[in-house]
Amino acid sequence: MTKKTKCIVISAAGIVLLLAFIAYFYGNHIVSQQIAQNLEEQLPDNVNLTYKDLKADIVRGTFYMSDAELALQDQGINVKFASVNFSGIKLRKLFDGDTIVIGNCKLRQADVLIDNSKRQTKETKDTLREANKVIWVQNFNLIDSKFDFKDEKGKEMLKFNQADAYFVDLFVLTAPQDDENAITYTFVNLIAKELEHPLNHLETLSVGKLEADTTDLKLNKLSIKPKFSRDQYQQHISEERDVIDLDIENLTAENYEYSFDDEDPFFKSSAITLENPVLSVYRDKRMPDQTPRKPLYSEMLRELDLRLEIDKVQIQNAEITYEEQLDKNPNPGKLTFNQMYATIAPVYNRDASKSQVNMDAKAQFMNHAPTEVNWKFHILQPADQFTISGQVNQLRAQELNSFFINNLNAKASGTVNSALFNFSGNDVRGGGQMDMNYDDFKIELINEETKEKKGLQSFLANLFVRSDKDMEDTGTTEINVTRDQTKSFFNYWWLMLKEGLKQNMLRFGAGNSETNS
């Protein structure tokens, strides 16, 4: 269960807290016939409650309410529900305080709105807090219910349209001490549908269906979507930013454990699997350059305020598209990977003995060229050392022209039989070797302003491009680059690949230009 779904438990438990107190009070002190005339005057001033039907049985310890609406005015909580059933209500002495024990609670078709913008800052001294009770619900069922959470400014935080949940041993302290948790519980299972959570003012996360039990978590139809079209998106930002569009058919976490306590928040899983993810990344290079430093992934994980212990992450049948829009180009340059299968293991950001992350991936590059990549980095080494190596085979060079025109001011034709690279680096500098074997490879240099072919210069450039280059002909091609720390790791990798392409294709450095990635 994720941090967001924990809100379901806390909010539902808060509702149960108040209803249980009402149930106990009226079930033991007022006979059913008197409830209607006494209920309004007995409730705390900050609580409004309306209902159609209410029944209490003192002897059997049961309480039933239907077609009700409950509002805690100073807490920004409003709940409508079809019915709530309590059974097995009794009072026990636990140490020096009272414990209200409820054997079973069923809350059906609740429609819950929690608006933190309406929450009062001062502490409310109502009769519930002053009672200093412990409420113990032995079995709690939440059935077919909706939740809507809003932040301190009244903006949507989390919303979902249907939830069924089961918990045991739900304990609620009405007046907890500073070192006590107000709500504790043992989670059994949860099914929630149509979840929505705004990540920021630009993107929204949604989940079609969430299923969780004590060992496994499954998210179906998970997506991250921009709130605006590509052109509109640029109007809401002041500098370059990736426009992310992500769909994942299924995400599962096996043998998961979690805690979000302030002292040691953590998430553990023996295996996380992403099935059929489709990721599109678009960047408009016409926007001003980003200025803040971008940490590498090793530093991001090292500085994360959450302890991760994930043995393995598996990516199955992924599709990835990266597009760049540059000046005066009607269409963005595009790179694609599909049929990608990858394993990332392990991901531990607090254990030095397991801090090396290893990723092995296989994919089709530009929908046709078999590609393999191995990427290793250390999370707990501050220098952020990494290695990345791989091979691309049988690549049709013209498939890259939309990207080459934008980044190298050149067009290419022919076939790259194989391109091998082996790079290493840290947060500052990187480099290594890259070599290519190709057939009938030709280059046409492009005028940067008009995007037209430079005939004579292209002819001269091709004098230095061998039509059939064997790797053993020239030996190792050495590459050295300096990282632009305002850009991502993938820009860093592209700098090395670009330098390798130039050195392999143009022996005298034709086509020299700076990257815009």
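### Brief notes about the overall build of the chain
Next, step 1: Helix and strand content of the chain: nine helices and 28 strands.
Next, step 2: Here the chain holds 517 residues, and 47% of them are scored as buried.
Next, step 3: Taking the intrachain contacts of the chain between residues at least 6 apart in sequence as the baseline, contacts between residues at least 24 apart amount to 62%.
Next, step 4: Roughly 25,800 Å² of accessible area belongs to the chain as shown, and the carbon and sulfur atoms make up 48% of that amount.

### A short note on the environment of Val112
Next, step 1: Mapped onto the secondary structure, Val112 falls in strand β7 (residues 111-115).
Next, step 2: Along the sequence, Val112 and Lys146 sit 34 residues apart, while their C-alpha atoms lie 6.0 Å from each other.

### Thoughts on the nonpolar core
Next, step 1: With 109 residues, the main nonpolar core has Leu210, Phe267, Ile388, Phe423 and Met434 as its most contacted residues.
Next, step 2: Not counting chain neighbours up to four residues away, the residues in contact with Met434 comprise Ala419, Leu420, Phe421, Phe423, Thr477, Ile479, Leu497, Gly500, Leu501 and Asn504.
Next, step 3: The next biggest cluster of nonpolar side chains, apart from the first, holds six residues, and it includes Leu202, Ile237, Val243 and Tyr282.

### Regarding the side chain of Thr336
Next, step 1: Structurally, the position occupied by Thr336 is in strand β20 (residues 333-345).
Next, step 2: For Thr336, a relative accessible area of 10% translates into the label buried.

### Remarks on the sheet that holds strand β21 (residues 347-348)
Next, step 1: Taken in spatial order, the four strands make up an open sheet running β14-β15-β18-β21, and their pairing is mixed. Each edge of the sheet is formed by a strand with only one pairing partner; in this case those strands are β14 (257-259) and β21.
Next, step 2: Note that strand β15 (residues 266-269) and strand β18 (residues 307-310) share four bridges and pair parallel. Looking across to β18, one finds that Phe266 is bridged to Arg307.

### A closer look at the side chain of Asn338
Next, step 1: Mapped onto the secondary structure, Asn338 falls in strand β20.
Next, step 2: When sequence neighbours within four positions are dropped, the list of residues in contact with Asn338 reads Ala318, Glu319, Ala363, Gln364 and Asn367.

### Some thoughts on a nonpolar patch on the surface
Next, step 1: A contiguous nonpolar patch, built from Tyr297, Met300 and Phe490 and spanning about 270 Å² of accessible area, is present on the exposed surface.
Next, step 2: When you line up the elements, Tyr297 lands in helix α5 (residues 297-302).
Next, step 3: Residue classification places Tyr297 among the partly exposed positions, given a relative accessible area of 33%.

### A few points about the environment of Asp311
Next, step 1: Position of Asp311 among the secondary structure elements: in the loop between β18 and β19 (313-325).
Next, step 2: Separated by 41 residues in the primary sequence, Asp311 and Ser270 place their C-alpha atoms 5.0 Å from one another.
Next, step 3: The residues contacting Asp311, other than those within four sequence positions of it, are Ser269, Ser270, Ala345, Pro346 and Tyr348.
Next, step 4: For Asp311, the side chain forms a polar contact with the side chain of Tyr348, separated by 2.6 Å.

### Description of the pairing of strand β25 (residues 410-425)
Next, step 1: With ten bridges joining them, strand β24 (residues 386-396) and β25 adopt antiparallel strand pairing. Its bridge partner being in β25, Gln391 is matched across the sheet by Leu420.
Next, step 2: Note that β25 and strand β26 (residues 429-445) share 14 bridges and pair antiparallel. Pairing of Ala412 across the sheet is with Ile443, part of β26.
Next, step 3: Here β25 folds back onto β26, and the loop between the two strands holds three residues.

### Quick word on unusual backbone geometry
Peptide bonds are, in most cases, trans, and in most cases residues other than glycine have a negative phi.
Next, step 1: With an omega dihedral of -20°, the bond running from Ala345 to Pro346 counts as a cis peptide bond.
Next, step 2: Within the secondary structure, Pro346 sits in the loop between β20 and β21.
Next, step 3: Despite not being glycine, Asp67 has its phi angle at roughly 45°, a positive value.
Next, step 4: As for its placement among the helices and strands, Asp67 is situated in strand β3 (residues 62-72).
Next, step 5: Residue Glu194 is not a glycine yet carries a positive backbone phi of 55°.
Next, step 6: For Glu194, a relative accessible area of 49% gives the class partly exposed.

### Section: the pattern of salt bridges
Next, step 1: The final tally for this structure, using the stated rule, is 18 salt bridges.
Next, step 2: Glu203 serves as the salt-bridge partner of Arg241, at 3.5 Å between the closest nitrogen and oxygen. Taken as a pair, Arg241 in the loop between α4 (230-234) and β13 (243-254) and Glu203 in strand β11 (residues 203-213) lie far apart in primary sequence, 38 residues in all.
Next, step 3: With relative accessibility at 31%, the residue Arg241 sits in the partly exposed group.
Next, step 4: Put simply, Lys225 and Asp247 hold a salt bridge, and the shortest N to O gap is 2.7 Å. Here the residue Lys225 occupies a position in strand β12 (residues 217-226), and Asp247 occupies one in strand β13, the gap between them amounting to 22 residues.
Next, step 5: Using a relative accessible area of 31% as the deciding quantity, one classes Asp247 as partly exposed.

### Concerning the packing of aromatic side chains
The geometry of two aromatic rings is summed up by the distance between their centres and the angle between their planes.
Next, step 1: This model, assessed by the stated rule, comprises 20 aromatic pairs.
Next, step 2: Look at Phe167 and Tyr185: their rings are 5.6 Å apart centre to centre, the planes differ by 80°, and that puts the pair in the edge-to-face class. Separated by 18 residues along the polypeptide, Phe167 in strand β9 (residues 156-173) and Tyr185 in strand β10 (residues 183-198) bring together distant segments of the chain. Across the pair, exposure class does not vary: Phe167 and Tyr185 are buried alike.
Next, step 3: Summarising the aromatic geometry, the rings of Phe489 and Phe490 are spaced 5.7 Å apart at their centres and angled 80° between planes, so their arrangement reads as edge-to-face.

### Here's the deal with the pairing of β10
The two faces of the sheet receive side chains in turn, since in a regular strand these alternate between them.
Next, step 1: The pairing of β9 with β10 spans ten bridges and is antiparallel. If you follow Val168 over to β10, its bridge partner there is Thr186.
Next, step 2: In terms of strand pairing, β10 meets β11 through nine bridges, oriented antiparallel. Opposite Lys193, over in β11, you have Lys209 as the bridge partner.
Next, step 3: Following β10, the chain reverses through four residues before pairing antiparallel with β11.

### Things to note about the environment of Tyr322
Next, step 1: Position of Tyr322 relative to the elements: it lies in strand β19.
Next, step 2: Put simply, Tyr322 and Phe337 are 15 residues apart on the chain and 8.9 Å apart in space, counted from C-alpha to C-alpha.
Next, step 3: If sequence neighbours within four positions are ignored, Tyr322 has contacts with Val281, Arg283, Gly333, Lys334, Leu335 and Phe403.

Conventions used here
- Residues numbered from 1 in each chain as written.
- Predicted model: local features only at pLDDT ≥ 70, side-chain atom pairs only at ≥ 80, totals over all residues.
- Heavy atoms only, no water.
- Helix = DSSP H or I, 4+ residues; strand = E, 2+ residues; numbered from the N terminus.
- Buried < 20%, exposed > 50% of the residue type's maximum accessible area, 1.4 Å probe, protein only.
- Contact = heavy atoms within 4.5 Å.
- Areas by Shrake-Rupley, 256 points an atom, 1.4 Å probe, with all protein chains shown as cover.
- Core = buried A, V, L, I, M, F, W, Y, C linked by side-chain atoms within 4.5 Å.
- Pairing = 2+ DSSP bridges.
- Patch = residues over 30% accessible without salt bridge, like charges linked within 9 Å, V, L, I, M, F, W, Y side chains within 5 Å.
- Salt bridge = Lys/Arg side-chain N within 4 Å of Asp/Glu carboxyl O.
- Polar contact = N/O pair within 3.5 Å; in protein donor to acceptor, adjacent residues only side chain to side chain.
- Phe/Tyr/Trp six-rings, centres within 6.5 Å; stacked < 30°, edge-to-face > 60°.

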